[in-house]
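For reference, the chains in residue letters:
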Amino acid sequence: MKENLDLITIRTLDTNKVIDILDQYGCCVINNYLNKKELSNLKFEFDRMFLEAKKKNNTFVINKHPTNKMGSYIICKKNQLQESYKTIKNIFTSKFMQKVAHAYFNCDHLLNDEIFLTQELPSKTEILPWHFDRRHALKFYINLVDVDETHGAFAYDIGSHREGHFRANYYMLTGTKVGEIPNDIPKKELHRPTSITTKAGALVIFDTDGFHKEGLLAEGERKIIRGHSHSKPLLMYKAKFLDAHWWLQTPFNAMKCLKNFVNRKVPADRLTRSKVRK
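Attention here is on the structure that accompanies the text. Model, not experiment: these values are computed from the prediction.

**Brief notes about the packing of aromatic side chains**
Under the counting rule described, the total for this entry stands at 12 aromatic pairs. Note on Phe60 and Tyr85: the rings are 5.5 Å apart at their centroids and 85° apart in plane angle, and the pair reads as edge-to-face. Pair noted here: Phe60 is in the loop between helix 3 (36-53) and strand 3 (63-64) and Tyr85 is in the loop between strand 4 (72-76) and helix 4 (86-92), with a separation of 25 residues, a long-range link. Both residues of the pair, Phe60 and Tyr85, belong to the buried class. Three or more aromatic residues link up through ring pairs in this structure, and these residues are Tyr141, Phe154, Tyr156 and Phe206. We note Arg48 situated over the ring of Tyr85; from NZ or CZ to the ring centre the distance is 6.0 Å.

Here's what the structure looks like:
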């Protein structure tokens with residue numbers, strides 16, 4: 001695993017190098033992305049937002065974490081980040097992130113239109129199992145604490161982003177609703193799972209079509225800020241009436257009926273044992 005991590009780790013803000021690594025592996029790690037002052041300010045603003053969110057009539061809302069029993073998260077938009085959160089805003093709207101997103105999508109896109117602040121606490125189970133995201137995104141992910149394999153380290157099956165892309169497109173083109181795409185991946189279907197162990201302030205950039213998970217948090221707490229960038233038009237879980245995804249889910253989509261009559265026919269569970277997580 002250490003050898004795999006070395007393949008995707010760089011120490012310079014070279015956009016071309018980042019794109020090369022993302023193209024090949026789907027995930028890129030930049031150590032020491034934040035300097036000490038930026039990291040300190042980011043931690044301060046993270047804690048401030050959670051404190052302010054506990055007040056009534058506040059802009060931000062604390063949500064219960066879906067899989068970490070004691071964990072919670074806040075979703076914010078860039079236009080909600082006033083002067084008191086200028087570090088978060090400056091980092092997630094930086095020219096570097098703009099260049100990476102522009103080069104990677106190579107089409108109209110939204111840079112970090114959603115910013116998640118996540119606080120996780122110890123649990124006996126992994127925070128999230130191996131999966132790919134149903135909505136495609138390029139994520140910019142910063143740990144505010146050091147992480148390793150016993151402290152909730154993120155993991156990525158490097159090079160799996162192409163397979164995830166074709167899986168998701170197959171399901172959508174054959175009429176599966178976005179929220180019903182089987183996206184939990186059994187461990188036996190992984191090829192190069194890599195634990196992303198980093199110091200606080202490192203930046204992890206990854207394509208969410210790749211198989212990834214959040215690890216076991218045995219003690220302490222984990223604080224993360226991540227920006228979600230999306231291509232346009234933004235894919236929604238519920239298709240809008242008469243848009244392309246709505247039509248794909250109707251009987252007018254012939255592939256819904258014909259998908260079982262293609263030549264490449266083998267038992268479904270031989271291809272994948274992925275599941276729909278409820």
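Don't stop here, the text continues.
**A look at unusual backbone geometry**
Peptide bonds are, in most cases, trans, and in most cases residues other than glycine have a negative phi. At the junction of Lys232 and Pro233, the peptide bond is cis and its omega measures out at -5° in the coordinates. Following the sequence through the fold, Pro233 ends up in the loop between strand 12 (222-231) and helix 7 (244-248). Even without being a glycine, Asn32 presents a positive backbone phi close to 55°. In this fold, Asn32 is placed in the loop between strand 2 (27-30) and helix 3. Here Asn112, not a glycine, exhibits a phi torsion of approximately 45°, which is positive. Residue position: Asn112 is located in strand 5 (residues 109-120).

**Remarks on the pairing of strand 8 (residues 154-157)**
Going residue by residue along strand 8, you find Phe154 and Tyr156 tucked away on one face and Ala155 and Asp157 tucked away on the opposite face as well. Where strand 8 lies against strand 9 (residues 193-196), 4 bridges are found, and the strand directions are antiparallel. Its bridge partner lying in strand 9, Asp157 is registered against Pro193.

**Section: the environment of Thr198**
Checked against the element boundaries, Thr198 lands in the loop between strand 9 and strand 10 (203-207). Overall, the relative accessible area of 7% leaves Thr198 in the buried class. With 44 residues separating them along the chain, Thr198 and Phe154 place their C-alpha atoms 9.4 Å apart. Once residues lying within four places of it in the same chain are set aside, the contact partners of Thr198 are Val29, Asn31, Asn143, Asp146 and Val147.

**Some details on the sheet that holds strand 1 (residues 9-10)**
If you trace the 8 strands from one edge of the open sheet to the other, you get 1-2-10-7-12-5-4-3, paired in mixed fashion. Lying at the two open borders of the sheet, with one neighbouring strand each, are strand 1 and strand 3. Both strand 2 and strand 10 contribute to a ladder of 4 bridges, which runs antiparallel. Looking at the pairing, Cys28 lines up with Ile205 of strand 10. Sheet strands touched by helix 2 (residues 15-25): strand 1, strand 2, strand 7 (138-143) and strand 10. Its angle to strand 2, the strand with the most contacts, is close to 140°.

**What about the environment of Lys43?**
As for its position among the elements, Lys43 is in helix 3. For the pair Lys43 and Val145, spaced 102 residues apart in sequence, the C-alpha to C-alpha distance is 9.1 Å.

**Quick look at the side chain of Asp133**
Note that Asp133 resides in the loop between strand 6 (128-131) and strand 7. Within the structure, Asp133 has its side chain in polar contact with the side chain of His131 (distance 3.4 Å). In this structure Asp133 touches Lys139, Asn183, Thr208, Asp209 and His212, once residues within four positions along its chain are discounted.

**Quick look at the side chain of Asp113**
Structurally, Asp113 is set in strand 5. The side chain of Asp113 is buried and forms no salt bridge, while Lys77, the nearest opposite charge, is found at 4.7 Å. A distance of 2.9 Å separates the side chain of Asp113 from the side chain of His230, its partner in a polar contact. For Asp113, the residues in contact, after removing those within four places along its chain, are Cys76, Lys77, Lys78, His228, Ser229, His230 and Leu234.

About the criteria used
Residues numbered from 1 in each chain as written. Predicted model: local features only at pLDDT ≥ 70, side-chain atom pairs only at ≥ 80, totals over all residues. Heavy atoms only, no water. Phe/Tyr/Trp six-rings, centres within 6.5 Å; stacked < 30°, edge-to-face > 60°. Helix = DSSP H or I, 4+ residues; strand = E, 2+ residues; numbered from the N terminus. Buried < 20%, exposed > 50% of the residue type's maximum accessible area, 1.4 Å probe, protein only. Lys NZ or Arg CZ within 6 Å of the ring centre and 35° of its normal. Pairing = 2+ DSSP bridges. Contact = heavy atoms within 4.5 Å. Axes fitted to C-alpha atoms, helices over the stretch in contact; angles between N-to-C directions. Polar contact = N/O pair within 3.5 Å; in protein donor to acceptor, adjacent residues only side chain to side chain. Lys, Arg positive; Asp, Glu negative; His and termini not counted. Salt bridge = Lys/Arg side-chain N within 4 Å of Asp/Glu carboxyl O.

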